[in-house]
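Results of the structural survey
Residues per chain, in single letters:
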Amino acid sequence: KMIVGVDLGGTKIATGLLDASGRMLARSQKATAGLKSSEEVIQAIVDTITEVSGEYEIAGVGLASPGAVDTRRGIIRNGVNLPGWNGISLQAELEKRLQVPAKLINDANAAAWGEYVYGAGRGAQSMVYVTLSTGIGSGLVLDGKLYLGTSSFAGELGHTVVNPNGALCGCGQRGCWETYASGTAIARQASEAAAAAAEGMTQMTALAEAEGVPLSAKHVFQAAAMNDKLAQETLEQVIHYTGLGLMNIIHSFNPDCIVIGGGVSRAGAAFFEPLRGKTGELVMEPYRGTYAIKPAELKDDVGIIGAAALFVE
Ligand code: ADP
Ligand code: ZN
């Protein structure tokens, strides 16, 4: 039997058909921009599933969504990206229309499970997945099981506080981890450093201006590689705060594996090597050498693959 994964993203519904080994056999997507009601969204989801399924028998459909997802009741609590949800039971609705089991899950939790089953976390006992993107998302696989928590909202590690007097976060709190270690946060800290610098113009801002785009995390890494002092200092601070977040994870969950994905992980060794060093300095002695910090392997289809993997035995 085949399995289907659906990624309900910010701009599109992306759906894939996978075999039991995690290989994607077919893919379909639809933009969400033109969809005006929950009925239209559900119909679009059903259409993509029907399209990829063809004649195959389907064991189940997993759906990954951003935001607060009530996995036990099969409801998206705040469909930030999709219109008119109002607590509609998406799981029940899909099961009725498709006559197959469906499961709904938060997208970071899906990505965590996908990396554990098919990606960088294969074979780990306990794995924590962190995506350093526009914000920070995370998911926990503890002793081989995806840990969802009482309300299935577990793993919002981006909103654990690393500096109580720090920058204001979208959640209303100050100094959440994501205000220091997300891609957005890296760009903000670089801009602040550049604004405070005597010359104003730095290698980082020059790179952004040459591209005609706002300063982003990528420019900070590029400028640091070109020996731009300000970029290097900014990254030092970023690595410190990122390491603090990982230290909290290691002290909380004692995982043998931490998988890091998201846009910032694309910086590669220039990010991972200092981060491994810093984290090793920060954790308490008994934890040293107990964990590996690895880049994610599944890339853009991680949501689809992770949601489908919910039906892997
Ligand atoms: P989303 O949040 O939409 O899922 P991504 O996971 O791609 O998107 O994360 C976007 C963030 O990653 C942006 O802040 C961007 O600047 C940053 N980013 C993208 N590529 C790189 C790179 N090569 N090095 C460092 N940061 C990057
Ligand atoms: Zn927050």
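Presented here is a report on the structure given in the accompanying data block. Everything quoted here is computed from the prediction, not taken from an experiment.

Now for the packing of helix H5 (residues 183–196) against helix H7 (residues 217–225). Contact geometry for H5 and H7: axes closest at 7 Å, N-to-C directions at 60°. The pairing of H5 with H7 is recorded here as oblique in orientation. For the pair H5 and H7, the contacting residues are Gly183, Ile186, Ala187 and Ala190 in the first and Ala217, Val220 and Phe221 in the second. For the contact of H5 with H7, the residue count by class is six nonpolar, one polar and no charged.

We now examine the pattern of salt bridges. Within this structure, the stated rule accounts for 12 salt bridges. Of the charged contacts in the structure, one is a salt bridge between Arg23 and Asp19, with a shortest N-O distance of 3.4 Å. With a relative accessible area of 53%, Arg23 lands in the exposed category. The shortest N-O distance in the salt bridge between Asp301 and Arg27 comes to 2.7 Å. You can see Asp301 sitting in the loop between strand S12 (292–295) and helix H10 (302–308) and its partner Arg27 sitting in strand S3 (residues 24–31), a full 274 residues away along the chain. You can call Asp301 partly exposed: its relative accessible area is 22%. The class of Arg27 is partly exposed, set by a relative accessible area of 40%. It is possible to trace a salt-bridge network through shared partners that takes in Glu39, Glu93, Lys96 and Arg97.

Bringing the environment of Pro164 into the picture now. With respect to the secondary-structure elements, Pro164 resides in the loop between strand S10 (145–147) and helix H4 (178–181). Each C-alpha atom of the pair Pro164 and Met24 lies 44 Å from the other, and the pair is 140 residues apart in sequence.

Basis of the calculations
- Residues numbered from 1 in each chain as written.
- Chains lettered and ligands numbered in written order.
- Predicted model: local features only at pLDDT ≥ 70, side-chain atom pairs only at ≥ 80, totals over all residues.
- Heavy atoms only, no water.
- Axes fitted to C-alpha atoms, helices over the stretch in contact; angles between N-to-C directions.
- Helix = DSSP H or I, 4+ residues; strand = E, 2+ residues; numbered from the N terminus.
- Parallel < 35°, antiparallel > 145°, perpendicular 65-115°, else oblique.
- Contact = heavy atoms within 4.5 Å.
- Nonpolar A, V, L, I, M, F, W, Y, C, P; charged D, E, K, R; others polar.
- Salt bridge = Lys/Arg side-chain N within 4 Å of Asp/Glu carboxyl O.
- Buried < 20%, exposed > 50% of the residue type's maximum accessible area, 1.4 Å probe, protein only.

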